[in-house]
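Chain by chain, the residues:
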Amino acid sequence: MDAGREPDGDSLATVHRLRELTVELHLLGAEFARVHGLHPTDVRALICLLDADRGGRPATPGWLARELHLNSASVTALVDRMEKAGHVRRARDPRDRRRVLLAVTPAAMELGWSFFGPVIANASAALDGYTEAERATVVKFLGDMRSAVEAARPVGGVDR
């Protein structure tokens, strides 16, 4: 779509529904952060680390810096803060002792499940009402929306 063109009514309504969902998820994450004394960036870091674990990807401080669009010093402070709180642990990579790997602690996983578990259960139950083809369309839609947002991000990113 041409970035200068106004989207049609149906497309615009869908984008607004997606924005509503994004705001609700952001508010939920902010409430989790507030209740547990975390910075919002800490919550984003936990999510990134959990996603890396689920995907079988190694998580290093450099990788986390790129994911969060933060500089090295900011990530060091973030990891120090999260490690002190017992949410993250650092470990030397057994294949390359020079490299540090990051992982979410079991206690942090339990904390996340206790708060976000009902949301995940509700979302999974809602998806159970869709056919396999409909779920495939949802997955494609969400991937396309992520790509659209990434394409609109300013060159050089934003330091969050």
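Reading the values: rules and limits
- Residues numbered from 1 in each chain as written.
- Predicted model: local features only at pLDDT ≥ 70, side-chain atom pairs only at ≥ 80, totals over all residues.
- Heavy atoms only, no water.
- Phe/Tyr/Trp six-rings, centres within 6.5 Å; stacked < 30°, edge-to-face > 60°.
- Helix = DSSP H or I, 4+ residues; strand = E, 2+ residues; numbered from the N terminus.
- Salt bridge = Lys/Arg side-chain N within 4 Å of Asp/Glu carboxyl O.
- Buried < 20%, exposed > 50% of the residue type's maximum accessible area, 1.4 Å probe, protein only.
- Pairing = 2+ DSSP bridges.
- Contact = heavy atoms within 4.5 Å.
- Polar contact = N/O pair within 3.5 Å; in protein donor to acceptor, adjacent residues only side chain to side chain.
- Axes fitted to C-alpha atoms, helices over the stretch in contact; angles between N-to-C directions.
- Parallel < 35°, antiparallel > 145°, perpendicular 65-115°, else oblique.
- Left-handed = near helix turned anticlockwise from the far one by under 90°.
- Nonpolar A, V, L, I, M, F, W, Y, C, P; charged D, E, K, R; others polar.

- An unreviewed UniProt entry lists the chain under the name MarR family winged helix-turn-helix transcriptional regulator, with Rhodococcus kronopolitis given as the organism.

**With respect to the packing of aromatic side chains**
Then, in step 1: Enumeration according to the criterion identifies three aromatic pairs in this entry.
Then, in step 2: Ring geometry for F32 and F116: centres 4.9 Å apart, planes at 50 degrees, overall tilted. In this pair, F32 is assigned in helix α1 (residues 9-35) and F116 in helix α5 (residues 106-128), connecting sequence segments 84 residues apart.
Then, in step 3: Each member of the aromatic cluster is reached from another via a ring pair, and the members are F32, F115 and F116.

**Focus on the pattern of salt bridges**
When their charged atoms lie close together, side chains carrying opposite charge are able to pair.
Then, in step 1: Counting across every chain of the model gives 11 salt bridges.
Then, in step 2: For R90, the salt bridge goes to E83, with nearest N and O atoms at 2.5 Å.
Then, in step 3: E83 gets classed as partly exposed once you look at its relative accessible area, which sits at 32%.
Then, in step 4: Members of the salt-bridge network, linked through shared partners, are D80, E83 and R90.

**Structural notes on the pairing of strand β1 (residues 88-93)**
Then, in step 1: As paired strands, β1 and strand β2 (residues 96-104) are joined by six bridges and run antiparallel to one another. Directly across from R89, in β2, lies its bridge partner A103.

**Things to note about the environment of R90**
Then, in step 1: Position of R90 relative to the elements: it lies in strand β1.
Then, in step 2: Spatially, the C-alpha atom of R90 lies 19 Å from that of G55, the residues being 35 residues apart in sequence.
Then, in step 3: With residues up to four places along the chain from it excluded, the contact list for R90 reads T76, V79, D80, E83, V100, L101 and L102.
Then, in step 4: A polar atom in the side chain of R90 sits 2.7 Å from the side chain of D80.
Then, in step 5: Side-chain polar atoms of R90 contact the side chain of E83, separated by 2.5 Å.

**Side note on the packing of α1 against α5**
Then, in step 1: Look at α1 against α5: their axes get within 11 Å of each other, and the N-to-C directions meet at 150 degrees. As the angle between them shows, α1 and α5 are arranged roughly antiparallel. Seen from above, α1 lies across α5 with right-handed handedness. Between α1 and α5, the residues in contact are L28, G29, E31 and F32 and L111, G112, F115, F116 and V119, respectively.
Then, in step 2: Each residue belonging to the contact of α1 with α5 can be placed in one class, and the counts come to six nonpolar, two polar and one charged.

**Regarding the side chain of H87**
Then, in step 1: In this structure, H87 sits in the loop between α4 (72-84) and β1.
Then, in step 2: Accessibility expressed as a relative area gives 10% for H87, which makes it buried.
Then, in step 3: If sequence neighbours within four positions are ignored, H87 has contacts with L38, L46, M82, A103, V104, T105, A108 and L111.

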